[in-house]
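# Coordinate analysis (summary)
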Amino acid sequence: MSIIVRNLSEQLVDLVRERILTGDVSPDRPIRQDALAAEFGVSKIPLREALARLEQEGLLASQANRGFTVRPLNAREAEEVYALRLKLEPEMIALAARTATPADQQAAIEMFDRLHPATDSRGDGVGAFNRAFHLAMLRPAAQPVTLTILERLHVLSERYVRKHLEPLGRDARAKEEHREILDVWMARDERRIAALTVVHIGKTLDDLRLQLKSDIN
């Protein structure tokens, strides 16, 4: 029975996370656990476990008498998340470029091909596909501890990616940057892929600073 409950809780984590990352759950109101449990056809126990897990991931906050709410986007969090990515990602993607197998390279190409139809339309899957594309180019480094940290950072980045793509023309720039990053990664140019990654993450952070500046106290 404990295995079934744990698996159900993990499924609920994925379902609720997706709703948060796509903006279907509003940051300004508490999550209605009764309604959500009824919709999913589950009891509140595994749902509460899933919400607690998402709080640990940094997507939810809990308050006495209010329950769980989605944490709003804010400039300080963006600064921290992207600063950590800048510290970890360039070196790791360079290592991954060197060690990637042909199967790893094909996986990255396939994720690029899935990402950019969503990016062009700023569709619902753009954040998830962006995360999967970047992680596909990091995974071949075979550094599981660092990868786990970066996976969490990319989850936190996902809503900011959607915010970043709101201005007109931003999707075209993202596509050009991703294409160049993929080409250089495939060429195993470690120095250049690290430099491009710094520029790519840095540009996104610069844009978000302007978009979220009203959140700075």
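Just above sits the structure.
This text gives an overview of the structure that appears in the document. Think of each chain on its own: its residues are numbered from 1, step by step along the sequence as written. Given that this is a predicted model, residues contribute local features only at a pLDDT of at least 70 and side-chain atom pairs are listed and counted only at 80 or more, while totals for whole chains, interfaces and linings are drawn from all residues. Here the side-chain values reflect all heavy atoms present in the structure, with hydrogen atoms and water set aside.

## Points about the pattern of salt bridges
Using the following cut-off: Salt bridges, as used here, are contacts in which a Lys or Arg side-chain nitrogen is within 4 Å of a carboxyl oxygen on Asp or Glu. Whether a residue is buried, partly exposed or exposed follows from its accessible area with a 1.4 Å probe, protein chains only, as a fraction of its type maximum: under 20%, in between, or over 50%, in that order. We count a stretch as a helix when DSSP gives it H or I for four or more residues in a row; a strand needs E for two or more, and each element gets its number in order from the N terminus.
All told, the structure shown has 16 salt bridges when counted by the stated rule. Where glutamate 77 meets arginine 71, a salt bridge forms, and the shortest distance between an N and an O atom there is 2.8 Å. Since its relative accessible area comes to 28%, arginine 71 is described here as partly exposed. Residues aspartate 183 and arginine 179 are paired through a salt bridge, measuring 3.4 Å at the closest nitrogen-oxygen approach. Taken as a pair, aspartate 183 and arginine 179 lie in helix α8 (residues 170–186) at a separation of 4 residues, close to a single helical turn. Aspartate 183 sits in the partly exposed class, given a relative accessible area of 43%. A network of salt bridges, in which partner residues are shared, links Asp14, Arg17, Arg53 and Glu57.

## Considering empty space enclosed by the protein
Our working definition: Using a 1 Å grid laid over the protein atoms alone, points where a 1.4 Å probe fits but cannot get out form a cavity; open sets with protein on both sides within 12 Å along at least 5 of 7 lines form a pocket; any residue with an atom within 4 Å of a point counts as lining. Grid points are joined across faces, edges and corners, and a volume is the space filled by probe spheres set on the points. Lys, Arg, Asp and Glu make up the charged group, whereas Ala, Val, Leu, Ile, Met, Phe, Trp, Tyr, Cys and Pro make up the nonpolar group; the residues left over, Gly among them, are polar.
Within the structure shown, the criterion is met by 1 cavity of 30 Å³ or more. Around the largest cavity, the lining is made up of 15 residues, and of these Asn130, Val161, His178, His200 and Thr204 lie nearest the centre. Elements with a minimum of two residues in the lining of the largest cavity: α4 (75–99), α5 (102–121), α6 (126–136), α7 (144–164), α8 and α9 (190–211). Broken down by class, the residue content of the lining of the largest cavity amounts to 7 nonpolar, 7 polar and 1 charged.

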